[in-house]
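# Structural characterization, general
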Amino acid sequence: MTSKTAIIVLFMVSSVVYLNSLPNGFVYDDLPQVVQNPRIQDPSSLPDIFLTDVWSFSGRNASNYYRPVMYLIFTADYHLFGLNPLGFHLTSVLLHAGVTVMVFLITSFILGSPSRAQGGTENDASPAAGGRGTAFFAALLFATHPVHTEAVAWVSGVPELSFTLFYLLSFYFYIREDRPGLSLVFFLLAALSKETALTLPLVMAAYDRCFGKGLAFYSLLKRYLPYLAVAALYFAVRSYVVGGLAPVNVHAGLSAYEQFINVFPLFAQHLGKLLLPMNLNVTHTFHPISSMLEWRGILSLFAAAAFMAAVWLLMRRSPTAAFGLLLVAVPLLPALYIPALGEHAFAERYLYMPSVGFVI
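Residues numbered from 1 in each chain as written. Predicted model: local features only at pLDDT ≥ 70, side-chain atom pairs only at ≥ 80, totals over all residues. Heavy atoms only, no water.

The subject of this paragraph is the overall build of the protein. Scanning the protein from N- to C-terminus turns up 17 helices and 0 strands. Along the longest, intermediate and shortest principal axes, the C-alpha atoms of the protein span 60 × 50 × 45 Å. Of all 360 residues assigned to the protein, the portion counted as buried reaches 51%. The contacts in the protein between residues at least 6 apart in sequence include a share of 75% that link residues at least 24 apart. Surface exposure of the protein reaches about 16400 Å², of which carbon and sulfur atoms provide 67%. In the protein, which carries 19 positive and 18 negative side-chain charges, the distance between the mean positions of the two groups comes to 10 Å. (Helix = DSSP H or I, 4+ residues; strand = E, 2+ residues; numbered from the N terminus. Buried < 20%, exposed > 50% of the residue type's maximum accessible area, 1.4 Å probe, protein only. Contact = heavy atoms within 4.5 Å. Areas by Shrake-Rupley, 256 points an atom, 1.4 Å probe, with all protein chains shown as cover. Lys, Arg positive; Asp, Glu negative; His and termini not counted. Charge placed at Lys NZ, Arg CZ, Asp CG, Glu CD.)

Pasting the structure below:
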């Protein structure tokens, strides 16, 4: 199968599996953010999208969320489709198809030669059909993984889709090393979609470590510094708009110790949904533990230790597998920072980007 054929098939499959979402209506946050939001109907409100938080139009006092790209997409959808939810759902399906194609392209590149897949030298081989076939099945699994349902079928899940698409585009041009300017632009768009994008420099560092770039400190600094500068600029603007890192803490009742130990059950819960996407739900009640000696604490600590051990063991044996595991964990880090999370600390949509590492 050629790359062009694989891309066409993947685009079709990733679209078809969510066609049944097109007749759906607006639900939950869609109602205030789309139906009742005058800002997306008035083009003169575009500056406000960049200078206010997600809920400012509704009169809420404070919010942890700054998502300008989400409202840009909603504004475009409104002017194309009015308040017909089919158009908004179609946008989500097309974004998912685009992300699936990027999963294929990135995985194909990583598996393109033994130098990347098994730690050989750059001159060992050219991109092979075997790597392309493996990348196709990885992308096919991504396209159809049930845990993506919330992110794709819910209109307000569009930040996960847009941030992941721009995140992967930025990373793709970074590893290709041929269009650094485009990589930076997509990184900024990813950050303006969702703050999770700020983990991208860590993913880049993980890639360089797994595949033995072996660059001197100055060279590495030169590679990462433009991304860190964009991240600093975004962080400054975001902090100004929302009034801090996370001004709203709905879990303030937990002590600092309890917030820390509950990272482990949350991490284990995310891994569990990736491996066994059963009992999926739009809401999951957060049941924090108060001691690591509880059975959930012990099991989750074991899961985290096993995960880290797997990364360490695979670093030499299979750098691609090690990088895949890191690509699960690193984009998940913001979803483990409990003070910034909403009432439902665990949400399946948070697994959309980490699942890229899972399928790899």
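Examined against the element boundaries, Tyr 78 turns out to sit in helix α4 (residues 68–81). Exposure remark for Tyr 78: the relative accessible area of 22% places this residue in the partly exposed category. C-alpha of Tyr 78 to C-alpha of Val 35: the two residues are 43 residues apart in sequence and 9.5 Å apart in space. Those residues in contact with Tyr 78 that sit more than four places away from it in its chain are Ile 40, Gln 41, Leu 83 and Phe 88.

With that out of the way, let us pick up the packing of helix α9 (residues 158–176) against helix α10 (residues 180–193). Where α9 meets α10, the axes come as close as 8 Å, and the angle between the chain directions of the two elements is 160°. If you check the angle between α9 and α10, you find them roughly antiparallel. Two packed elements cross with a definite hand, and for α9 against α10 that hand is left-handed. Residues Pro 159, Ser 162, Phe 163, Phe 166, Tyr 167, Leu 169, Ser 170, Phe 173 and Tyr 174 of α9 form the contact with α10, whose participating residues are Leu 182, Ser 183, Phe 186, Phe 187, Leu 189, Ala 190 and Ser 193. Among the residues forming the contact of α9 with α10, the class breakdown is 12 nonpolar, 4 polar and no charged. (Axes fitted to C-alpha atoms, helices over the stretch in contact; angles between N-to-C directions. Parallel < 35°, antiparallel > 145°, perpendicular 65-115°, else oblique. Left-handed = near helix turned anticlockwise from the far one by under 90°. Nonpolar A, V, L, I, M, F, W, Y, C, P; charged D, E, K, R; others polar.)

Turning to unusual backbone geometry, a few remarks are in order. The backbone of Tyr 28 shows a phi angle near 50°, a positive value even though the residue is not glycine. Relative to the assigned elements, Tyr 28 resides in the loop between α1 (3–16) and α2 (30–35). Positive phi is not limited to glycine here, since Asn 279 has a value of about 50°.

Next up on the list: the confidence of the model for the protein. Per-chain confidence: the protein averages 90 in pLDDT, with 94% of residues scoring 70 or above. This model gives residues 117–127 a pLDDT under 50, and the stretch forms 20 contacts once residues within four places in sequence are excluded. (pLDDT = per-residue confidence, 0-100.)

Among the nonpolar cores identified, the biggest contains 103 residues, and Phe 74, Phe 171 and Phe 323 are the most heavily contacted of them. Excluding its chain neighbours within four sequence positions, the residues that come into contact with Phe 323 are Ile 110, Phe 171, Val 203, Ala 206, Tyr 207, Cys 210 and Phe 211. (Core = buried A, V, L, I, M, F, W, Y, C linked by side-chain atoms within 4.5 Å.)

For the coordinates displayed, the defined rule picks out 21 aromatic pairs. Judged by centre distance (5.2 Å) and plane angle (65°), the rings of Phe 142 and Tyr 352 are edge-to-face. A residue pair is termed long-range when its members are at least 10 positions apart, and Phe 142 in helix α7 (residues 129–144) and Tyr 352 in the loop between α16 (319–329) and α17 (354–359) qualify at 210 residues. Of the residues examined, Phe 142 reaches a relative accessible area of 0% and is grouped as buried. Among the aromatic residues, those joined into a cluster by ring pairs are Phe 26, Trp 55, Phe 57, Tyr 71, Phe 74 and Phe 88. (Phe/Tyr/Trp six-rings, centres within 6.5 Å; stacked < 30°, edge-to-face > 60°.)

Together, Leu 46, Phe 50, Leu 51 and Leu 72 make up an exposed nonpolar region whose accessible area comes to about 320 Å². Looking at which element gives the most residues to the nonpolar patch, the answer is helix α3 (residues 46–51), with 3 residues. Mapped onto the fold, Leu 51 is located in helix α3. Classification of Leu 51 by relative accessible area gives exposed; the value is 55%. (Patch = residues over 30% accessible without salt bridge, like charges linked within 9 Å, V, L, I, M, F, W, Y side chains within 5 Å. Salt bridge = Lys/Arg side-chain N within 4 Å of Asp/Glu carboxyl O.)

Time to look at the pattern of salt bridges. Per the stated rule, a full pass over the model turns up 8 salt bridges. The residue Glu 150 makes a salt bridge to Arg 349 at a minimum N-O spacing of 2.7 Å. Within this pair, whereas Glu 150 is found in helix α8 (residues 149–153), its partner Arg 349 is found in the loop between α16 and α17, the two being separated by 199 residues in sequence. Under the relative-accessibility criterion, Glu 150 is labelled buried at 7%. Arg 349 gets classed as partly exposed once you look at its relative accessible area, which sits at 21%. Between Lys 194 and Glu 160 there is a salt bridge, with the nearest N and O atoms lying 2.4 Å from each other. Taken together, the positions of Lys 194 in the loop between α10 and α11 (200–210) and Glu 160 in helix α9 put the pair 34 residues apart, joining distant regions of the chain.

Between its first and last C-alpha, α9 extends 27 Å over 19 residues, near the 27 Å set by a 1.5 Å rise per residue. For α9, a buried count of 18 out of 19 residues is recorded, marking the element as mostly surrounded by other parts of the structure. In the segment just after α9, Glu 177 is the residue with positive phi, at about 60°. (Expected span 1.5 Å × (residues − 1).)

For the rest of this paragraph, the subject is the side chain of Ser 300. By the element assignment, Ser 300 lies in helix α15 (residues 295–317). Leave out the neighbours within four places in its chain, and Ser 300 touches Phe 264, Pro 265 and Ala 268.

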